[in-house]
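Overview (structure and organization)
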Amino acid sequence: MNKPRLVLVPPFGDASHWDQRPRRILVFGATGYIGRHVVRELLARGHDVVAFARARAGAGGEHHRDQTAAMFPGAEVRFGDVTDPASVADDAFRGERFDAVYSCLASRSGAPDDAWRIDHDANQHVLAQAKVTGVEHFVLLSAICVQKPKLAFQRAKLAFEASLQRSGLRYAIVRPTAFFKSLSGQIERLKRGKPFLLFGSGQLTACRPISETDLAVFMADCIEDPAMGNAILPIGGPGQALTPIAQGELLFVLLDKTPRFKRVPVALLDVIISVLSVLGVFSRRLRDKAELARIGRYYATESMLVWDAEAGRYDADATPITGHQTLQGHYARVLDEGLDGQELGEHAVFQRRRVSSGR
Ligand SMILES: NC(=O)c1ccc[n+]([C@@H]2O[C@H](COP(=O)([O-])OP(=O)(O)OC[C@H]3O[C@@H](n4cnc5c(N)ncnc54)[C@H](OP(=O)(O)O)[C@@H]3O)[C@@H](O)[C@H]2O)c1
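In what follows, the accompanying structure is described. This structure is a prediction, so every number in the text was calculated from the model and none was measured.

1. With respect to the overall build of the chain
Across its full length, the chain holds eleven helices and twelve strands. Relative to a compact globule of 359 residues, whose C-alpha radius of gyration would be 21 Å, the chain shows 20 Å and is just as compact. Oriented by its inertia axes, the alpha-carbon framework of the chain measures out at about 55 × 50 × 45 Å. Taken over 359 residues, the chain has a buried fraction of 53%. Partitioning the contacts of the chain with sequence separation of at least 6, the portion at a separation of at least 24 is 78%. Accessible area of the chain: about 16000 Å², with a carbon and sulfur share of 53%.

2. Remarks on the side chain of Thr31
Within the secondary structure, Thr31 sits in the loop between β2 (24-28) and α1 (35-44). Judged by its relative accessible area of 12%, Thr31 is buried.

3. A short note on the site of the ligand
Surrounding the ligand, one finds 26 residues, the nearest of these being Thr31, Arg54, Arg108, Lys157 and Lys181. Taking Ile34, its main chain carries an N or O atom lying 3.0 Å from an oxygen atom of the ligand. Note that an oxygen atom of the ligand is positioned 3.2 Å from one of the backbone N or O atoms of Ala106. The fraction of the free accessible surface of the ligand (920 Å²) that becomes covered by protein chains is 89%. Grouping the amino acids of the shell around the ligand by side-chain chemistry returns 15 nonpolar, seven polar and four charged.

4. Quick notes on the pairing of strand β4 (residues 76-79)
Here strand β3 (residues 48-53) runs beside β4; their pairing, made up of four bridges, is parallel. Note that in β4 the partner of Ala53 across the bridge is Phe79. Read as a crossover between parallel neighbours, the route from β3 over helix α2 (residues 65-71) to β4 is right-handed.

5. Re the packing of helix α9 (residues 266-279) against helix α10 (residues 284-301)
Contact geometry of α9 with α10 gives a least axis separation of 8 Å together with a crossing angle of 160°. Considering the angle they form, α9 stands roughly antiparallel to α10. Once α9 is placed against α10, the crossing between them reads as left-handed. Mapping the contact onto sequence places Val266, Leu269, Asp270, Ile272, Ile273, Leu276, Ser277 and Leu279 in α9 and Leu286, Lys289, Ala290, Ala293, Arg294, Gly296, Arg297, Ala300 and Thr301 in α10. Residue composition of the contact of α9 with α10, by class: ten nonpolar, three polar and four charged.

6. Some words on helix α5 (residues 152-166)
The end-to-end C-alpha separation of α5 is 22 Å, in line with the 21 Å expected for 15 residues at 1.5 Å each. Residues Ala152, Phe153, Gln154, Ala156, Lys157, Phe160, Glu161, Ser163, Leu164 and Gln165 constitute the buried set of α5. The elements touched by buried residues of α5 are α4 (112-132), β6 (137-141), β7 (170-176), β9 (231-235) and α10.

7. Comments concerning the packing of aromatic side chains
Throughout the structure, instances matching the rule amount to nine aromatic pairs. Each ring, one from Phe138 and one from Phe160, has its centre 5.8 Å from the other, and the planes form 50°; the classification is tilted. One end of the pair, Phe138, is in strand β6; the other, Phe160, is in helix α5, and 22 residues separate them in sequence. Each member of the pair, Phe138 as well as Phe160, is classed as buried. Seen in terms of ring centroids, Tyr298 and Tyr299 are 5.6 Å apart; in terms of plane orientation they differ by 80°. Their pairing is edge-to-face. An aromatic cluster of at least three residues, connected via ring pairs, comprises Phe28, Phe52, Phe93 and Phe98. Cation over ring: Lys148 sits above Trp307, and NZ or CZ is 4.0 Å from the ring centre.

8. Focus on the nonpolar core
Side chains of a nonpolar character, in soluble globular proteins, are inclined to be buried together. Val39, Tyr102, Val174, Leu215 and Met219 are the most contacted members of the largest nonpolar core, which totals 68 residues. Non-local contacts of Met219, meaning those with residues more than four positions away in its chain, are made with Ile34, Val38, Tyr102, Cys104, Val139, Leu141 and Val174. Counting residues in each nonpolar core, the second largest holds 25 residues, with Phe28, Phe93, Phe98 and Tyr171 among its members.

9. Focus on unusual backbone geometry
For Arg94, which is not glycine, the phi dihedral falls at a positive 50°. Examined against the element boundaries, Arg94 turns out to sit in the loop between α3 (85-93) and β5 (100-103). The backbone of Asp256 shows a phi angle near 55°, a positive value even though the residue is not glycine. For Asp256, the location among the structural elements is in the loop between α8 (244-255) and β10 (261-264). In this structure Asp256 comes out as exposed when scored by relative accessible area, which is 72%.

10. Observations concerning the packing of α8 against helix α11 (residues 327-337)
At a closest axis distance of 10 Å, the pairing of α8 and α11 adopts a crossing angle of 45°. When the axes of α8 and α11 are compared, the pair comes out oblique. Read as a crossing pair, α8 and α11 show a hand that is right-handed. Together, Gln247, Leu250, Leu251, Leu254 and Leu255 of α8 and Leu327, Gln328, Tyr331, Ala332 and Leu335 of α11 make up the contact between the two elements. Of the residues contributing to the contact of α8 with α11, the split by class is eight nonpolar, two polar and no charged.

Conventions and cut-offs
- Starting from 1, residues in each chain are numbered consecutively following that chain's sequence as written.
- Side-chain atom pairs in this predicted model are given and counted only at pLDDT of 80 or more, local residue features only at pLDDT of at least 70, and totals for whole chains, interfaces and linings cover all residues.
- By convention in this description, side-chain values take in all heavy atoms of the structure and omit both hydrogens and water.
- For helices the rule is a DSSP run of H or I covering at least 4 residues; for strands it is a run of E covering at least 2, with both sets numbered from the N terminus onward.
- We compute the radius of gyration over the C-alpha atoms and compare it with the globule rule, which gives 2.2 Å times the number of residues raised to the power 0.38.
- Here's how the labels work: a residue is buried when its accessible area is under 20% of the maximum for its type, exposed when over 50%, partly exposed in between, all with a 1.4 Å probe on protein chains only.
- The contact criterion used throughout is that any non-hydrogen atoms of two residues lie within 4.5 Å.
- The protein chains shown are the only cover counted for residues, whose accessible areas, like all others here, come from Shrake-Rupley with a 1.4 Å probe.
- Proximity criterion: a residue is near a molecule or strand once any of its heavy atoms comes within 4 Å of it.
- Polar contacts, as counted here, are pairs of nitrogen or oxygen atoms within 3.5 Å of one another; within protein the pair requires one atom able to donate a hydrogen and one able to accept it, and residues that are adjacent in sequence qualify only if both atoms are side-chain atoms.
- Note that Gly is not counted as nonpolar here; it falls among the polar residues with everything else outside the nonpolar set of Ala, Val, Leu, Ile, Met, Phe, Trp, Tyr, Cys and Pro and the charged set of Asp, Glu, Lys and Arg.
- A pair of strands is considered paired only if DSSP assigns at least 2 bridges between the two.
- A clockwise path from the first strand over the helix to the second, with the strands pointing away from the viewer, defines a right-handed crossover.
- Here an axis means a line fitted to C-alpha atoms, over the contact stretch when the element is a helix, while the angle between two N-to-C directions is reported on a 0 to 180 degree scale.
- Roughly parallel covers angles under 35 degrees, roughly antiparallel covers those over 145, roughly perpendicular covers 65 to 115, and oblique covers all other angles.
- Each crossing gets its hand from how the near helix is turned against the far one by less than a right angle, where anticlockwise is left-handed and clockwise is right-handed.
- Each helix should span, by expectation, one fewer than its residue count multiplied by 1.5 Å.
- Pairing of aromatic rings covers Phe, Tyr and the six-membered ring of Trp, with a centre-to-centre limit of 6.5 Å; geometry is then stacked below 30 degrees between planes, edge-to-face above 60, and tilted otherwise.
- Distance and angle both matter: a charge sits over a ring if NZ of Lys or CZ of Arg is within 6 Å of the ring centre and within 35 degrees of the ring normal.
- We define the nonpolar core as a collection of buried residues of types Ala, Val, Leu, Ile, Met, Phe, Trp, Tyr and Cys that are connected through side-chain atoms lying within 4.5 Å of one another.

Functional significance is not addressed by these values, which are geometric in nature.
The following block contains the structure:
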């Protein structure tokens, strides 16, 4: 078995020892926020990419096959069902040889059953076929929050991470900090003159946000840089760690408005969780809503930074960073051009949801 390592300082810079030969790569979760950028980055590096998608892809099943195929010029797009091991074998791998597999699969709802079905079971189906067909390298998109697991989706991810580490395949487990889309949910509120909502003081948490394109570059590096093999890679973006209040201040400066904050007590989330948990005994829909509220509470109180278990605190300085795009630049772009592609879908808390005719 390969020995897992937690790499805290990625060896950026000297690429002279990297293995940059073109490879044949199969990508799962290609239609997601990160997955689509990973496909584009791999293609840009000259790899031969096959993207696997479901027949109706996207958060609300809004993309038909031809629309999905059109997302990835230069890639072959195959369709099937990641939740069905036979489809993963027959429709995705087709018994062919791939050098590497990327999985950017993730439950879109975060509901416990769906998290286990996608973040764990579907990834297991992919891993099983990767082993059978002789794939050498498996790159997994995970999340930094699994280091302090309290939620169903985190446990599902961790269980799969453990399987991957035991698999004998060369692996990279990428654990990013917060994505830009997760910090963009209040832009529209502020434009409408509303205050920025904060949980507690607005300084309970911090993160080093990373853009989807910087993360895609980092993930593409994983198969080229030997130091990124058989490793768990926490990763954030450039710039200082930002608290929610600092994120709000950035936005008010860009909007040229006087900062206005409204504080929401974390205890309110506790009440919502308790009520939904009790009602959830009778209804699965309410059980799932209770889990969504737990997810909200987790992000209101836990930082997306490397956790120092010995010191019992999050450590911004120990959180590796990469890339060039800052949250400030991202906010400026969204204010100019709109959210396009940065919508939160089913994870929206502060953001108005896009109406979809799908599921
Ligand atoms: N948001 C953050 O700030 C943050 C920070 C760090 C880490 N992460 C982690 O990053 C990961 C991916 O994030 P993301 O934003 O790129 O995810 P996303 O946009 O929700 O994409 C999820 C992908 O999984 C696929 N998928 C989900 N359910 C499926 C199903 N039943 N059948 C087939 N395919 C299915 C989706 O396909 P469809 O397009 O067909 O739905 C999509 O390709 C997650 O594990 C998350 O925990 C997130």
